[in-house]
Amino acid sequence: MTGSTTDPEATDPEALRARALAALLTARERTTLLTSCVEDAELTAQHSPLMSPLVWDLAHIGNQEEQWLLRAVAGRDAMRPEIDPLYDAFEHPRAERPSLPLLAPGEARGYAAEVRGRALDVLEKTPFHGTPLTDAGFAFGMIAQHEQQHDETMLITHQLRSGQTALTAPDPPTGEPFTGPAEVLVPGGPFTMGTSTEPWALDNERPAHHRLVPPFFIDTTPVTNAAYQLFIEDGGYERMRWWDPAGWSMVRRNNLCAPLFWWREGGQWLRRRFGTVEPVPADEPVLHVSWYEADAYARWAGRRLPSEEEWEKAARYDPVTDRSMRYPWGDADPTPERANLGQRHLRPAPAGSYPAGESPLGVRQLIGDVWEWTSGDFLPYPGFAAFPYREYSDVFFGGDYKVLRGGAFSVDEVACRGTFRNWDHPVRRQIFSGFRTARDAGPTETPTPGPA
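The structure presented is a predicted model; accordingly, all values stated were derived computationally and were not measured.

1. Things to note about the layout of surface pockets
Approximately 1,400 Å³ is the volume attributed to the largest pocket. Lining the largest pocket are 42 residues; nearest its centre among them are Ala89, Arg94, His150, Phe396 and Trp423. At the level of secondary structure, the elements contributing two or more residues to the lining of the largest pocket comprise helix H3 (54-73), helix H5 (138-160) and strand E12 (422-424). Among the residues making up the lining of the largest pocket, the classes are represented as 19 nonpolar, 13 polar and 10 charged.

2. A look at the packing of helix H1 (residues 13-36) against helix H4 (residues 105-125)
In contact at an axis separation of 11 Å, H1 and H4 are set at 175° when each is read in the N-to-C sense. Taken together, the axes of H1 and H4 are roughly antiparallel relative to one another. Along the contact surface, H1 presents Arg17, Ala20, Leu21, Leu24, Leu25, Arg28 and Thr35, while H4 presents Arg109, Ala112, Ala113, Arg116, Leu120, Leu123 and Glu124. Across the contact of H1 with H4, the residue classes break down as 8 nonpolar, 1 polar and 5 charged.

3. Some remarks on the sheet that holds strand E6 (residues 268-273)
Read across the sheet, 3 strands follow the order E5-E6-E7 without closing on themselves; strand pairing throughout is antiparallel. Two strands bound the open sheet, and with one partner strand each, they are strand E5 (262-265) and strand E7 (276-279). Looking at each pair of strands side by side, their axes are set apart by 35° on average, direction ignored. One ladder, built from 4 bridges, connects E6 with E7; its direction is antiparallel. By the bridge assignment, arginine 271 is partnered in E7 with glutamate 278.

Cut-offs and rules
- Residues numbered from 1 in each chain as written.
- Predicted model: local features only at pLDDT ≥ 70, side-chain atom pairs only at ≥ 80, totals over all residues.
- Heavy atoms only, no water.
- 1 Å grid on protein atoms, 1.4 Å probe; cavity = no way out; pocket = protein on both sides within 12 Å on 5 of 7 lines; lining within 4 Å.
- Points joined across faces, edges and corners; volume = space filled by probe spheres on them.
- Helix = DSSP H or I, 4+ residues; strand = E, 2+ residues; numbered from the N terminus.
- Nonpolar A, V, L, I, M, F, W, Y, C, P; charged D, E, K, R; others polar.
- Axes fitted to C-alpha atoms, helices over the stretch in contact; angles between N-to-C directions.
- Parallel < 35°, antiparallel > 145°, perpendicular 65-115°, else oblique.
- Contact = heavy atoms within 4.5 Å.
- Pairing = 2+ DSSP bridges.

And the structure:
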């Protein structure tokens, strides 16, 4: 068994510099779109206690970039040291942020733009070697990922806000309906999980290590809205037997009967999507479900959620070469033909889309479309070392967090790869989360047929 591979350009400093520049510019274009499509009053409002005002995210992006690229990498003096506490995510919970003396929208834009101008100068002059922060341009990749993660957070805020539609995008391309098997067998045995070579991988993805995984079956595609409706119609939200006790308490306390943003009217299910009301599309992966809902559906279906190592093996393992790849389709970067990423579309593609992104084992949409809940708790890998600061991962380990994998349409490719780990509380529904199910494999079993 061989280990995981890395990007062929990962050792070329100038290729990495160009990649860092492109990633930073792409992130800023998206930030500008998300903060310029509404009036300033919408930027300063808090649209949900679960989320920050958009203007906080905007200035926080600039402040993190200043702290890491201008101060830590370039050794420059602080531009606005007095605002550091305002934009410290650990010092002020989201519900408190509207009451802080935040930078006004115009001032926040100006601050972020000034930081970016100086950061691009630092990028041009910094050697990509010599320190852990600058090796392979890590700090620049980290900041591009940080901005894209906040862009996703701001997109969630746009989904939660009321009022007129502010964002538009074309629908994903539609191909031939998927007719493959409903599940595939992932062979048992060892594989390499995590990475020690991906240059911009974050600390919780490291180090690469061997895992022994028994054989299992996993859904070929994420669970669809149509399949989830069968769970609802069979009384899924009314029967305690399917639910984790904490999940059942959540259902009863909040009178839940469907995924977030769904309601039934005139004999059909409707949903609100970025200010637009539409019928729930049957063939799309289900979206905006909590871990508890995903777990309950899996139990109802006689299955279970995949473990984190099962998900990664399904996504990265190539049985022909006996190695772990960067992505399900191989080592090349994502393209629009392989995965629904980068907010190109504002919805998941129909289940079974993107045949070019299929894994060697025949699993589709493992990257993009919807974040996928796993059964795994968020824990460190053997040999984990916090870098470059404890607050990114270390302080969350062992808490009430479940791991999500694969990314969604809301995620940029710089912050999404076969080893990337996301985590959240099991009650969260506002995130762009879905799931697929798995089951143990018997000694003589074969996959079940898919749709006719």
